[in-house]
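# Chain and residue survey
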Amino acid sequence: MIVGRRIASVAVVVVGAALAAAGQAHAAPSLQPRFGPPLPGASQNPAPVTSGATAAPALPQTPSATFRTVDVPGAYGTQVVTVTDSGVVGGNYYKDKGALSHGFIQHGRRVTTVDYPGTSGVTSLDGMNNRGVAVGTYVDGAGTDHGWIRSSDGSFQPLDDPLAGTGAGYGTFPEGVNHGMIVGFYVDAQNLAHGFVYTRRAGFTTVDVPAAGTASGAGTVLVSINNSGVIAGTYVDDAGVYHGVVDSHGSFFDFDAPGAGTLANQGTIPYGITSDGVISGWTLSGTNEISGWLLSNWQFAALNDPLEAIGPNLGSALYGINANGTMAGGQYWDSSGRSHGYVATLPH
């Protein structure tokens, strides 16, 4: 279910090519006005979960959003996981079907490949803040995941939770970073996920959502944190179903998106959170269709790239959203099953 990391001094390769601008903007249909900031205490679990056998109901589309496709040159597949307020894009790509991944950062038309030093094709970039500090993971020769922090100057530091397991598939997974805190999760030797918050002064603090399962493969996954310290993430129950959660300074509020599946490996997966608390994420429905959404004031609106193909294991996944809520990143799958990154510009 999970991933991890560690660090040293990484090799950063500059790809002097521009992103393929399959990149002409394409507009999405508009339906309802942008909703206001969320009130996490307003309700717990406000959106009912539908049956695992039903398709996702139609959600109103976020109005006037435009989408730009982001394909790393020469890549077979691309995903955008983070966008800063200044428009710097971070994500991952792989060169061939089934190949391992490389991180990348796109600044303007310049693309920098991010591979942990001494590795090739085992690096994942998972979060980045407005100061250019990025976090992610790499996998060692034994299959253990290790966390890393990359400074804006390109230097790396390791980030391993001391409670993480050390076997294949275990380890430490930093996912999100604000201006002083990192959130993520670690997988222990019993294959149970635990969220963590890390600061340089306090080190690692474990965070377990009370409703999270305790069976192998279950647990807590923290994914993003805004500059007010509010965290968005996921917990996995003992049946293997994913549920969204907000951790507002120790108070937990859980939710399920309309149409989220209720079978193992289905459900609701939040990914990003803005300064005023708008949450971005995606669902895997009961028919295994992938769809993106924004959540504000406990109201969901769809955000799906209009170039997506529809069907089992196809669709659009929405990942990170920038702090001011004007841009978000994700990926969509075409009819051949290839993935393409995208950046959505949102009304504000």
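Residues numbered from 1 in each chain as written. Predicted model: local features only at pLDDT ≥ 70, side-chain atom pairs only at ≥ 80, totals over all residues. Heavy atoms only, no water.

With that settled, consider the overall build of the protein chain. For the protein chain, the count of helices and strands is 0 helices and 26 strands. Taken across its 348 residues, the protein chain has 57% of its residues classed as buried. Taking the contacts inside the protein chain whose residues are at least 6 apart along the sequence as the reference set, 55% of them involve residues at least 24 apart. Taken as a whole, the protein chain presents about 13,200 Å² of accessible surface, with 54% of it coming from carbon and sulfur. (Helix = DSSP H or I, 4+ residues; strand = E, 2+ residues; numbered from the N terminus. Buried < 20%, exposed > 50% of the residue type's maximum accessible area, 1.4 Å probe, protein only. Contact = heavy atoms within 4.5 Å. Areas by Shrake-Rupley, 256 points an atom, 1.4 Å probe, with all protein chains shown as cover.)

The next thing to look at is the side chain of T172. In this structure, T172 sits in strand β12 (residues 171-177). Among the polar contacts listed, one links the side chain of T172 to the backbone nitrogen of D161, at a separation of 2.9 Å. (Polar contact = N/O pair within 3.5 Å; in protein donor to acceptor, adjacent residues only side chain to side chain.)

Moving on, we get to the nonpolar core. Membership of the largest hydrophobic core comes to 29 residues, with the highest contact counts inside it found for L125, W148, W282 and Y319. Elements with a contribution of two residues or more to this core: β8 (123-128), β9 (134-139), β13 (182-187), β16 (219-225), β20 (267-273), β21 (279-284) and β24 (316-321). (Core = buried A, V, L, I, M, F, W, Y, C linked by side-chain atoms within 4.5 Å.)

This part takes up empty space enclosed by the protein. For the coordinates displayed, the defined rule picks out 2 cavities of 30 Å³ or more. Estimated volume of the largest cavity: approximately 320 Å³. M128, V177, I225, I273 and I321 are, among the 28 residues lining the largest cavity, the residues nearest its centre. Of all the secondary structure elements, the ones that give two or more residues to the lining of the largest cavity are β4 (77-83), β8, β12, β16, β20 and β24. Class assignment for the residues of the lining of the largest cavity results in 10 nonpolar, 15 polar and 3 charged. (1 Å grid on protein atoms, 1.4 Å probe; cavity = no way out; pocket = protein on both sides within 12 Å on 5 of 7 lines; lining within 4 Å. Points joined across faces, edges and corners; volume = space filled by probe spheres on them. Nonpolar A, V, L, I, M, F, W, Y, C, P; charged D, E, K, R; others polar.)

Now for the packing of aromatic side chains. Under the definition given, this model contains 14 aromatic pairs. An angle of 65 degrees between the planes, with centres 5.4 Å apart, marks the rings of F67 and Y342 as edge-to-face. Placement of F67 in strand β3 (residues 66-70) and of Y342 in strand β26 (residues 339-345) is noted, with a sequence separation of 275 residues between them. Neither F67 nor Y342 differs from the other in exposure class; each is buried. Among the aromatic residues, those joined into a ring-pair cluster are Y116, Y138, W148 and F156. Here R338 stacks its cationic end above the ring of Y76, 4.4 Å away from the centre of that ring. (Phe/Tyr/Trp six-rings, centres within 6.5 Å; stacked < 30°, edge-to-face > 60°. Lys NZ or Arg CZ within 6 Å of the ring centre and 35° of its normal.)

A separate point is unusual backbone geometry. For N191, which is not a glycine, the phi torsion comes out positive at approximately 60 degrees. Along the chain, N191 turns up in the loop between β13 and β14 (193-199). A positive phi angle, close to 70 degrees, is found at N265, a residue other than glycine. Considering the arrangement of structural elements, one finds N265 in the loop between β19 (251-255) and β20.

Moving on, we get to the pairing of strand β25 (residues 327-333). Within β25, 7 of the 7 residues are buried, leaving the element largely enclosed by the surrounding structure. Neither face of β25 is exposed, since M327, G329, Q331 and W333 on one face and A328, G330 and Y332 on the opposite face are all buried. Taken together, β24 and the strand that follows it, β25, pair antiparallel across an intervening segment of 5 residues, in which G325 is found at a positive phi of about 75 degrees. Strand direction decides the pairing type here: β25 and β26, joined by 7 bridges, are antiparallel. Pairing of Y332 across the sheet is with H340, part of β26. (Pairing = 2+ DSSP bridges.)

Turning our attention to the environment of G195. Counting through the fold element by element, G195 comes out in strand β14. Judged by its relative accessible area of 0%, G195 is buried. When the C-alpha positions of G195 and T220 are compared, they lie 5.2 Å apart, and in sequence the two are 25 residues distant. Residue contacts for G195: discarding those within four places in its chain leaves G184, F185, Y186, T205, T206, V207, D208, T220 and L222.

Turning our eyes to something else, we now look at the confidence of the model for the protein chain. Residue-level pLDDT values for the protein chain average 84, and 83% of them are 70 or greater. Between residues 1-24, whose pLDDT stays under 50, and residues either more than four places distant or in other chains, the model counts 108 contacts. Low pLDDT, under 50, characterises residues 26-56; the predicted model gives this stretch 92 contacts beyond four residues in sequence or across chains. (pLDDT = per-residue confidence, 0-100.)

This next bit is on the pairing of strand β18 (residues 242-248). Summarising burial for β18: 7 of the 7 residues are buried, a large majority. Where burial is concerned, the two faces of β18 agree: the one with Y242, G244, V246 and S248 and the one with H243, V245 and D247 are both buried. In textbook terms, the turn of a hairpin is the stretch between consecutive antiparallel strands, and for strand β17 (residues 230-236) and β18 this stretch comprises 5 residues, one of which, G240, has a positive phi near 85 degrees. In the sheet, β18 pairs with β19 via 5 bridges, with the strands oriented antiparallel.

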